[in-house]
Amino acid sequence: MKRFSNYIALATILAAPLTSVAQSYQKTATGAKTTVNGTLVEVQFFSPEIVRVVKGPDGKIFNKESLSVIKKPDATPITLKQQGDVLNLKSTKLNVMLNLKTGSVDFAGTGGNSLLKEKQSSGTFTPFNDAGNSTYTVSQSFILDADEPIYGLGQHQRGNLNQRNQEYKNMIQGNTEDVIPFIQSVKGYGLFWDNYSPTTFSDKPGETLFKSDVGEGIDYYFMYGGNADGVIAKMRDLTGQAPMMPLWTFGFWQSKERYKTQDETIDVVKKYRELGVPLDGIVQDWQYWGNNYLWNSMEFLNVDFPNPQKMMNDVHKLNAHLMISIWASFGPETKPYKEMKAKNMLLDFHTWPESGSEIWPPKQDYPSGVRPYDVYNPEARDIYWKYMNKGLLPYGIDGWWMDSTEPDHLSAKATDLDIKTYMGSFRKVRNAYPLMAVGGVYTHQREVKSDKRVFILTRSAFAGQQRYGANTWSGDITSSWATLQKQIPTGLNFSLSAIPYWNADIGGFFLTNFRKKLADPEYRELYARWMEFGAFTPLMRSHGADAPREIYQFGKAGDKVYDAAAKFVNLRYSLLPYIYSASWDITAHQSSMMRALFMDFAADKNVWNSTDEYMFGKSILVNPVTKAMYVKAGADGMVEDFGTVKSQETYLPAGTAWFDFWTGEKIAGGQKTTKQTPLDIIPIYVKAGSILPIGPKVQYTTEKKWDNLEIKVYPGANGDFTLYEDENDNYNYEKGKYTEIKFHWDDKSNTLTIADRTGGFDGMLAQRKFNISVIGKSGGDVKEIPYTGKKVSIKM
């Protein structure tokens, strides 16, 4: 009996469930860390909504000073609670679950709603020899909901908005491709993969992957904002806020590749003034410095630019601004090249231009010797600025066209990525090149010339670049209807990567698709439609090669293409109070100007992948025309055909009513509507509850004061708008020198309330008039309301 009892006891022990030993972790100042199978995993709270995850091989956490992230961890109260193998780290906004057994990390809201999960045991470290240094290729996989759209990744020219089921292999900065390894989800979270080497993004069923060629470890940031604006706010909190752009940058800009004399540059501005077509900026593109061996000398060495100070004075007397081309590379006969070469600060690979000869096609047997400089070296950035400050800034140049900041990498060899920079191999830091190049100019100018806002137009971007006063253009794109259409989702995904200022060459850069160039009626129609699209982007700029792009190259007043282009330039200027206030919303409240529809209508799944329409600011929906309507085949190519007025269909998001911008007709949301689209009309709709300020007719942004604005109210919902004003082109707004006037529309009582003006600045309007109308009511009657800065309510 005793032996039988022992058998029973032994059987009971064998049948009992096995209990594993609880995995250990170490609490840190910002979270916790643990070691799993030789990998040290650390979770760091930077704020209640932002979490950094770092994974280091061989039980080590690597020390890396981020090039993009400038935020330091806030003192964030969190609670730690272990339940079996899972450690819960909880803030007031997030619940992060660290599996102490597998090392995987999951993210959820405080209510338990799952946001994002790492794929189990998917963080990998593959040994890699990086130019003689032992390091790793790193990757991390995540699991998303099957129907969950994601956005961002910078600028890519595929024409898609949703980045699900996409693969981008070995992403490297390029002429028309801007790599920003950041995604955000319609669920209200974002993820920034903090790595600067060539990176692959891949999404397929069951796995979303980031993989980078070089990394001492895995390093990414998870952020929760609740919606797209909230996510962008967290990303800017992490990587820097966007400063105010000068008011004049929101006017119309004219450029071409290239104006070859200073007289030609001035004559373009004069012609616009003669025609009465508004213009605020002219661009002086490359070779004002002379030949290719003097590439980017940052001096006026070309005999056709004999008096640069006179050129600048002439531009300014015409109430315009000049932006000039500068590059991140130098020709061998320039002073910057020679000084940097002596200090080993040049990167020895081929860039534009490869040939010293200006004959086309390039003669490769006369190599230019032009080389990019090592932007990662702080002393090299100092030298760059020294020559820029001495050779260009004293003339009073208004802005910087920073071309080829990706930079151009021509006749590329695999070993080029082994080239040593100040921060290691070029491969290791490749994609951060534009960030460092642009940041060097912005930082230095802020130090020496704080009375004028920095404005940079550049061809490439990386995470954090919004903090440097830069607007990125979409590169040297071709002229075609397909390219025009692709610019919409291209610009939207760029904006969704937390960088708010973007634009494209109006008309497309290369005219290779049009044999007759400007004489081709299809191209002329394309140009008109691109001008219409450009009026609703953060920078409106006409530019291109192969043929000039000034408005007067397309006819004269009374000609259809000319009239359509001029109409939208004037429309742009009438919207300046709205646009400038939207810019303040970017700076003060982390907003975006060019907005994918899901940002404002996430509940409407019909707009989750809308690639042909968007919001410009928070009130105006734009649906550009991106196909030919008024040409037909002729005996020798396309010919004009305006015989029938064509139409275009637009989907109006649900949850609000809409107004036709042109007619004032009210239309219910959640349906498609059709709009006739003659050459000078595109579908534009205004959301119910919007309050639009309309500015005066002007030839340049500051020609007239905003003392007699129209205020258009679009009823059907309560609405708010804040009119922002400041001194337009300095940083006094950072010291509180600006004003806000808040408007509130109460739809039930038909009452518009204008609040007390807040703030002040030199030159502020003490008295003004607002001319108020309610669209669709009382026959459009206008009430003129005097305003002295004190609250007033108007019953309409």
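Residues numbered from 1 in each chain as written. Predicted model: local features only at pLDDT ≥ 70, side-chain atom pairs only at ≥ 80, totals over all residues. Heavy atoms only, no water.

A. Quick look at helix α12 (residues 576–589). The end-to-end C-alpha distance of α12, which contains 14 residues, comes to 19 Å, matching closely the 20 Å that a straight helix rising 1.5 Å per residue would cover. Inspection of α12 places Leu576, Pro577, Tyr578, Ile579, Tyr580, Ser581, Ala582, Ser583, Trp584, Asp585, Ile586 and Thr587 among the buried residues, and these make up the whole buried set. Immediately beyond the C-terminal end of α12, within one or two residues, lies Gln590, with a positive phi of roughly 60°. (Helix = DSSP H or I, 4+ residues; strand = E, 2+ residues; numbered from the N terminus. Expected span 1.5 Å × (residues − 1). Buried < 20%, exposed > 50% of the residue type's maximum accessible area, 1.4 Å probe, protein only.)

B. Broad picture of the packing of aromatic side chains. Evaluation of the coordinates by the stated rule reveals 54 aromatic pairs. With centroids separated by 5.8 Å and ring planes inclined at 45°, the aromatic side chains of Trp248 and Trp253 adopt a geometry described as tilted. Each member of the pair, Trp248 as well as Trp253, carries the same accessibility label: buried. Put simply, the rings of Phe250, Tyr501, Tyr580, Trp584, Tyr724, Tyr731, Tyr733 and Tyr738 touch in pairs and so form one group of aromatic residues. Looking at Arg446, its charged tip hangs above the ring of Tyr731, at a distance of 3.4 Å from the centre. (Phe/Tyr/Trp six-rings, centres within 6.5 Å; stacked < 30°, edge-to-face > 60°. Lys NZ or Arg CZ within 6 Å of the ring centre and 35° of its normal.)

C. Representation of the pattern of salt bridges in the model. The tally for this structure, following the rule as stated, stands at 44 salt bridges. For Glu532, the salt bridge goes to Arg529, with nearest N and O atoms at 3.1 Å. Taken together, the positions of Glu532 and Arg529, both in helix α10 (residues 521–534) and three residues apart, correspond to about one turn of that helix. A residue is classified by how much of its surface remains accessible, and Glu532, at 0% relative accessible area, is buried. Looking at Arg529, the relative accessible area reads 0%, which means it is buried. Sharing partners across several salt bridges, the network here consists of Asp403, Glu406, Asp408, Arg459 and Asp476. (Salt bridge = Lys/Arg side-chain N within 4 Å of Asp/Glu carboxyl O.)

D. Focus on the sheet that holds strand β29 (residues 502–503). The strand order across the open sheet built from eight strands is β29-β28-β27-β24-β21-β20-β19-β30, with neighbouring strands paired in parallel fashion. The open sheet terminates on both sides in strands that have one partner only, identified here as β29 and β30 (540–542). Bridge count for strand β19 (residues 252–254) against strand β20 (residues 281–284) is two bridges, and the pairing is parallel. Looking across to β20, one finds that Trp253 is bridged to Gly281. Sheet strands touched by helix α8 (residues 433–448): β24 (399–403), β27 (456–458) and β28 (470–473). Its angle to β24, the strand with the most contacts, is close to 160°. (Pairing = 2+ DSSP bridges. Contact = heavy atoms within 4.5 Å. Axes fitted to C-alpha atoms, helices over the stretch in contact; angles between N-to-C directions.)

E. Main features of the pairing of strand β15 (residues 189–193). Counting buried residues along β15, five of its five residues qualify, which places the element largely inside the surrounding structure. Burial along β15 is two-sided: the face carrying Tyr189, Leu191 and Trp193 and the face carrying Gly190 and Phe192 are both buried. For strand β14 (residues 178–185) and β15, the ladder comprises three bridges, and the chain directions are antiparallel. Following the sheet pairing, Ile183 is matched in β15 by Leu191. Hairpin connection of β14 to β15: three residues between the antiparallel strands, including Gly188 at a positive phi of 95°. Bridge analysis of β15 against strand β18 (residues 218–224) gives five bridges, and the strand direction is antiparallel.

F. Structural context of unusual backbone geometry. For the bond running from Trp352 to Pro353, omega is -5°, close enough to zero to count as cis. Looking at where Pro353 falls in the secondary structure, it is placed in the loop between α5 (335–342) and β23 (371–372). Cis geometry marks the peptide bond from Glu406 to Pro407, where omega comes out at -20°. On the secondary structure map, Pro407 appears in the loop between β24 and β25 (420–421). Unusually for a residue other than glycine, Asn750 sits at a positive phi of about 55°. Within the secondary structure, Asn750 is located in the loop between β44 (738–746) and β45 (751–754).

Purely spatial values, then, with no claim about function.
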